[in-house]
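Structural features, examined
Each chain is listed here by its residues.
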Amino acid sequence: MTNSTCTADVVVTASSCWCGGTLRRSVHPLYAECTSCGTHVVREMLTEEDLQRFYTMGGYWHEYMSEVVNFPSIEQRSFNDFHDRIPVWHQILSGIKAAPERLLEIGCAHGGFLSYCRDHGAKEVVGVEVDENTCSFARSRFNLPHVVSGLFPDVELPFQKFDAITGFDVIEHFRDPLKGLRAVADHLTDDGIFVFQTPCYRGESSTWAQFKPKEHLFLYNERSVKRLFDLCGLSITQVMPGFFKDDMFVIGRKAPKVKQVLFVRPDSIGDSVLASSMLPHIKTRYPDARLTVLCLSHVAELYESSPHVDAVIGFDRGRAIFNEQYRNLLVQRIAALRADVALYSVYSRDLLHDFFAICSGATERIAMHGNLCNMPREIRDENNPHFTQLVESDGEWKPELDRHRDFLFALGIDPGPLRATVWLTEEDHRFADDFFTEHGLEPRNCVTLFSGAQSPQRNYEHFGKALAPVCREEGLSLIAVGSASEHELGRRNLDESGAAGINMCGKLTLRQVAAIIGRCRLAVGAETGTAHIACAVGTPNVILLGGGHFGRFVPYTTLTTVACLPLACYRCNWRCPYTKAHCVKSLNPAVLTAAIKSALTETTETIRMFCQDRSMWLPLSNEPAWRGLGDIVDGQPIEVITVAETTPTIPWASNDATRVEGMQRTLGAQQHRHRQNLFSGS
C-alpha cells in the first residue's frame, strides 16, 4: 500500500488500497473503501513505531483490553481460551494437517495455541508477537523456547520453512498485507498449509464492532481476501465462518508455481512501446514462468528482442476478423500454451481481443475494466464475467503509463515510474552505425522526420515548411522514416524543407528506426508510434499533438516538446465531426518551428507545450472554436507557451450592431486570405 512517510508521532494518511485501487468514503468516517476490491482501509495509517508502542504488555493486553474493549487480561485469557477458541482452531488445523513438523503462529499472544498444538503432536512450534514482554510471558507461561518479538515479517525466526502457518485475528493488523503474506508464502514448504482468522465485512453499518481504527488497519470481504492471498502466492481452498460471527476462517495452501503467462497486447506500435515497460515487472512477479506475448505481426519484433519474453505469437488483425479458419487456428495456438495466467492490460478493449484472452483458457484471466471506445457497453458487460479479475483505472484521460501502473498494482506490484521501452540488439546498433557512415551523415546534425500518422485524417503536410528555417540556420539533414505507404508524404515534406534528406520510409524495421533515432539530435513528427520510440531511446522530440486523445498517450516525459492548436472539440476520441481534423491539419507551421527551435536549444525540467494563439485561429461558422488548455493540463508539470502573430486590431463599437456584422465579414475575409498565404508560402 502506498503511504507517505512520517515520524513516530504523526499519523499517515492512506492514499490507496493494498491492491492499488483508489479510496472513497465508506460507511464509517475513519475508514475509506477501495473502489476496486472493497477492502476498508483506515484513513489514518499508523507507523511501525506507533504499532510497537500500542501492542505492549501493559498498554494493549491490560489497559486497552480491560478498559476499552472490556476483554479479560492476557493472564486470564491464557486459561479461558483453552475452553473455547483454542480447541476449535486446532480442530480446523488438524483436519488439514494433523501433526505438523513445524508450526508458526503469527500473533501468538499468550502462546496457549502453540502449547496445545505441541501437546497434540506438533514437533516444533514458533510464535511471533510484537512486544518482548508479551513474548517473555508466553515463553515462561507455557515453556515455549521459540517466541520471537517484532513486527512480522521483519523478525529473526529460528527456522526458515514451516509446513503450517497460522494467524488468528492478525492479518487485519498488518500495515503492509502484501509484504506480510508474501513472507508467509516464502516460509511455507511446497506442501505447506495456512489457517487465518480475520474479520469479514458483509455490508454492516458504521456501528459494526470491527471498525477499530487503532487496531484494524484493513478489513476484508471474501472477494478481496481471495484476491489478496492470490497475489501473495497463496491459494485459498476454503473460506468458512469464524469462531466469532464477525469473522471468517481463510484456509489454503501455498499456490503452485505459475509456469505459463500470456501477455495480450494486440494493439499498435506506440501502445506496445508503452506496454513493454510492464514486462520486467511481470517477469519479476512470475519468475518461474515462461512469458508469451500475443501481438500484431508488424509489432512482433519489438517483443522478440526483449530479454523478458520467451515467445511471441504474431497475427494479422484483418485476417483474424474476417477469416474464421485463420481465427480458429490462432485460438488453438493460444490455447495450446496452457497458460496459467492471461494478462490483458488494454484499456480500450475490443471484441476480438476479448475473444483471444477469454479463449486462452488460463486459470486466471486478468483484464482492464476499460472504457467503451471500441466496444458497446452490452458486449463488455457480457464479456466481463469471463475474466477472473477486472482492474479499475479511474479517469477517462489518465496517461497510459499511469494505467499500466494501475494494472501492475492489481498484480501486487509497485513498479515506480514507468517509461517507454524498446530493446535493441547488437545487430540493430551496427546497422545504424553503418547507415550514417554509408550516407556520410553526422548523427548530431541529423533530424528524424516521421510525418505519417495512423490514419490519413491525422497526416500533416507541412512539417517540411516548419523545419525549413531551422535546417537552414543549423545546417541540419533530415531522415524521413515511416511505412511504405508514407513514402510520398515523406518526400513532399523533405522537398518542402529544402534541406538535404534521405527518404527511408518503408525501408527499415522498427528496431532499425529506433537505432537511427537514438543517434539523431532530434526527432520531429506526428503523434504516432515513432514518437514513443524516440522517447524510449532517449532522443528529444517535437510532436504535433492532435486533440483526439489529448494527454492520454503524449506527453509523459520532458524529452517531448508539443506543438498544438487547442480547440473546443478536443478529446473526441478521433471521431471528428468536421470535414477535416483541424487540430492537426490547420496548425500554423510557425508553432512547430518555435517548438523545434526550443527543443534544439533549451533544456527544461517541465514538458513544453507550444500552443497556437487565439489570434491565429479565426474559425468560420462550421469550424471549432479556440480554447485554452488550463483545465486539461492543470496540475501537471507542463509549461504552456503561446505562439502568436502580430496582427492589426479593429476598433470596437460596443452598441453598434451594424459595426459588429461588418467586423465579422472583415475577419472572415482576413482569415481566408491568411490561410491561403500560410500554406502557399507567401
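This text gives an overview of the structure that appears in the document.

Thresholds, definitions, all that
Sequence order sets the numbering: in each chain, residues are counted from 1 along the sequence as written. The model is predicted, so local features are restricted to residues of pLDDT at least 70 and side-chain atom pairs to those at 80 or more, both for listing and for counting; the totals for chains, interfaces and linings are taken over all residues. In computing side-chain properties, one takes all heavy atoms of the structure into account and sets aside hydrogens as well as water. Strands were regarded as paired on the criterion that DSSP finds at least two bridges between them. Counting from the N terminus, the helices are the DSSP runs of H or I reaching at least four residues and the strands are the DSSP runs of E reaching at least two. Lines fitted to C-alpha atoms define the axes here, with helix axes fitted over just the stretch in contact, and angles between the N-to-C directions of these axes take values from 0 to 180 degrees. Nonpolar core, defined: a set of buried Ala, Val, Leu, Ile, Met, Phe, Trp, Tyr and Cys residues in which side-chain atoms within 4.5 Å join the residues together. Note on exposure labels: buried denotes an accessible area under 20% of the residue type's maximum, exposed denotes more than 50%, and partly exposed covers the range between, all computed with a 1.4 Å probe on protein chains only. Here, two residues are considered to be in contact whenever any of their heavy atoms come within 4.5 Å of each other. Each angle gets one of four labels, with under 35 degrees taken as roughly parallel, over 145 as roughly antiparallel, 65 to 115 as roughly perpendicular, and the rest as oblique. Crossing chirality is assigned from the near helix's rotation relative to the far helix, an anticlockwise turn below a right angle marking it left-handed and a clockwise turn marking it right-handed. Classification used: nonpolar for Ala, Val, Leu, Ile, Met, Phe, Trp, Tyr, Cys and Pro, charged for Asp, Glu, Lys and Arg, polar for all others including Gly. Any pair of Phe, Tyr and Trp rings, taking the six-membered ring for Trp, is counted once the centres come within 6.5 Å. Such a pair is stacked with planes under 30 degrees apart, edge-to-face with planes over 60 apart, and tilted for the rest. Each ring is checked for a lysine NZ or an arginine CZ that lies within 6 Å of its centre and within 35 degrees of its normal; such an atom marks a charge sitting over the ring. Salt bridges, as used here, are contacts in which a Lys or Arg side-chain nitrogen is within 4 Å of a carboxyl oxygen on Asp or Glu.

This part is about the sheet that holds strand β14 (residues 260-264). Read across the sheet, 6 strands follow the order β16-β15-β14-β17-β18-β19 without closing on themselves; strand pairing throughout is parallel. At either end of the open sheet lies a strand with only one pairing partner, and these are β16 (311-315) and β19 (389-391). Averaged over all pairs of adjacent strands, the angle between strand axes in this sheet comes to 15°, irrespective of strand direction. Taken together, the 4 bridges between β14 and strand β17 (residues 341-344) define a ladder with parallel strand orientation. When the bridges of β17 are listed, Val 264 appears paired with Tyr 344.

Quick look at the nonpolar core now. Generally speaking, nonpolar side chains in soluble globular proteins are found buried as a group. Among the nonpolar cores identified, the biggest contains 198 residues, and Trp 18, Phe 196, Phe 229, Phe 263, Leu 343 and Ile 479 are the most heavily contacted of them. With residues near it in sequence (within four places) discarded, Leu 343 still touches Val 261, Leu 262, Phe 263, Val 264, Ile 282, Tyr 286, Ile 366, Phe 407 and Leu 411. If you look at the next biggest cluster of nonpolar residues, it comprises 23 residues, including Trp 89, Tyr 116, Leu 144 and Ile 193.

Count 3.6 residues to each turn of an α-helix, and residues three or four apart come out pointing the same way. Across the 8 residues that make up helix α21 (residues 529-536), a large majority, 8, are buried. Every buried residue of α21 is listed here: Gly 529, Thr 530, Ala 531, His 532, Ile 533, Ala 534, Cys 535 and Ala 536. One or two residues past the end of α21 sits Gly 538, with phi positive at roughly 80°.

Structurally, the position occupied by His 90 is in helix α4 (residues 85-94). Not counting residues up to four positions away in its chain, the partners in contact with His 90 are Phe 113, Tyr 116, Cys 117 and His 120.

Bringing the environment of Gly 233 into the picture now. With respect to the helices, strands and loops of the structure, Gly 233 is situated in the loop between α8 (222-231) and β12 (234-241). Sequence separation between Gly 233 and Ala 183 is 50 residues, and the spatial gap between their C-alpha atoms is 9.7 Å. Residues within four places of Gly 233 in sequence aside, it is in contact with Ala 185, Lys 254 and Ala 255.

The packing of two helices is summarised by the inter-axis angle and the distance between the axes. Across the interface, α4 lies against helix α5 (residues 112-119) with an axial gap of 10 Å and an inter-helix angle of 50°. Judged on the interaxial angle alone, α5 and α4 are oblique. Seen from above, α4 lies across α5 with right-handed handedness. Judged by residue contacts, Ile 86, Pro 87, Trp 89, His 90 and Leu 93 of α4 engage Gly 112, Phe 113, Tyr 116 and Cys 117 from α5. When its residues are assigned to classes, the contact of α4 with α5 shows 7 nonpolar, 2 polar and no charged.

Turning our attention to the packing of aromatic side chains. Inspection of the entire model under this criterion finds 29 aromatic pairs. Their ring planes at 15° and their centres at 5.5 Å tell us that Tyr 60 and Tyr 64 sit as a pair that is stacked. Of this pair, Tyr 60 and Tyr 64 both sit in helix α2 (residues 59-68), 4 residues apart, which is roughly one turn of that helix. Judged by its relative accessible area of 10%, Tyr 64 falls in the buried class. Geometrically, the ring pair formed by Phe 243 and Phe 244 is edge-to-face, given 4.8 Å between the ring centres and 90° between the ring planes. Accessibility expressed as a relative area gives 27% for Phe 243, which makes it partly exposed. The exposure class of Phe 244 is partly exposed, given its relative accessible area of 36%. In this structure an aromatic cluster arises from ring pairing among Phe 54, Tyr 55, Tyr 60, Trp 61 and Tyr 64. If you follow Arg 141 out to its NZ or CZ, it ends over the ring of Phe 79, 4.4 Å from the centre.

Okay, the pattern of salt bridges next. As a working rule, side chains carrying opposite charge can pair if their charged atoms are close by. Under the counting rule described, the total for this entry stands at 28 salt bridges. Among the salt bridges present, the one from Arg 552 reaches Glu 400, with a minimum N-O distance of 3.1 Å. Of this pair, Arg 552 sits in the loop between β24 (541-544) and β25 (560-564) while Glu 400 sits in helix α16 (residues 400-410), and the two are 152 residues apart along the sequence. We note a salt bridge from Lys 597 to Glu 473, for which the minimum N-O separation is 3.8 Å. A residue pair is termed long-range when its members are at least 10 positions apart, and Lys 597 in helix α23 (residues 589-601) and Glu 473 in helix α18 (residues 463-474) qualify at 124 residues. By relative accessible area, which is 35% here, Lys 597 ends up partly exposed. Glu 473 gets classed as exposed once you look at its relative accessible area, which sits at 54%. Among the ionic contacts, a cluster of salt bridges with common partners joins Glu 461, Glu 488, Arg 491, Arg 492 and Asp 495.

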